[in-house]
Amino acid sequence: MLQLVVLGLLMGPALSSCPKGYDHYNGDIPGWGTDLGSALKVSSREWCARLCNALSRCLSFEHSSKSQLCNLNTGATPTANKYLDYAFCTKQGSSDCPAGYRAVDGDVPGWGTYLGSARKVGSREVCALMCSSWTQCRSFEHSNSAGVCNLNTSSYPTRGNYGDYKFCIKS
């Protein structure tokens, strides 16, 4: 069994290229992947992508060129800042958010921040347009079932998911 030592230090930038069919994001899903596979020793980012492609539940992976480790994720987008030299690669088309935004799991408690809360809107796209019109807006939460849009000044959620709300961050 592979033993890992977590240094907790940020190091140089990750290679920003992801294999064909994947988009690169700066960030991390904390931990060592999911039950799909963690700390898998692979020789390249392309091999990590092949492993992810073989699993329908795999929506993204993290790969370190330095340690040649691959973590497979069921989440499509990062929920925390970048970790070490790991590149975060998301399968193209796996986001629930409109163009210009990326989905992350979670919630900012309450009904948005000072920009707007519990606004009734017809679609997630309208919510994205509202957020895009404010430079202070860094993310929004939207529920299709309630038709509610909450605008946030924070980029990342601070708690787990709430209902069917999708948390979308400006890309």
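Above: the structure in question.
As the structure is a computational prediction, the values presented were derived from the model and not from experiment.

Quick look at the overall build of the chain
Working step 1: From N to C terminus, the chain includes two helices and 10 strands.
Working step 2: Put simply, the chain has 171 residues, and 46% of those count as buried.
Working step 3: Here the chain displays about 9,000 Å² of accessible surface, and carbon together with sulfur accounts for 54% of that area.

As for the environment of F88
Working step 1: By the secondary structure assignment, F88 is in strand 5 (residues 87-91).
Working step 2: Sequence spacing of F88 and G27 is 61 residues, and the spatial spacing of their C-alpha atoms is 6.4 Å.

Brief notes about the sheet that holds strand 3 (residues 60-64)
Working step 1: Spatial ordering of the open sheet is given by 1-5-3-4-2, a layout of five strands whose pairing is antiparallel. Every other strand in the sheet has two partners, leaving strand 1 (22-25) and strand 2 (40-41) as the edge strands with one partner each.
Working step 2: Note: strand 3 against strand 5, four bridges, orientation antiparallel. Following the sheet pairing, F61 is matched in strand 5 by C89.
Working step 3: Contacts between helix 1 (residues 45-53) and the sheet are confined to strand 1, strand 2, strand 3, strand 4 (69-73) and strand 5, with strand 3 contributing the most and set at about 155° to the helix.

What counts, and where the lines are drawn
- Residues numbered from 1 in each chain as written.
- Predicted model: local features only at pLDDT ≥ 70, side-chain atom pairs only at ≥ 80, totals over all residues.
- Heavy atoms only, no water.
- Helix = DSSP H or I, 4+ residues; strand = E, 2+ residues; numbered from the N terminus.
- Buried < 20%, exposed > 50% of the residue type's maximum accessible area, 1.4 Å probe, protein only.
- Areas by Shrake-Rupley, 256 points an atom, 1.4 Å probe, with all protein chains shown as cover.
- Pairing = 2+ DSSP bridges.
- Contact = heavy atoms within 4.5 Å.
- Axes fitted to C-alpha atoms, helices over the stretch in contact; angles between N-to-C directions.

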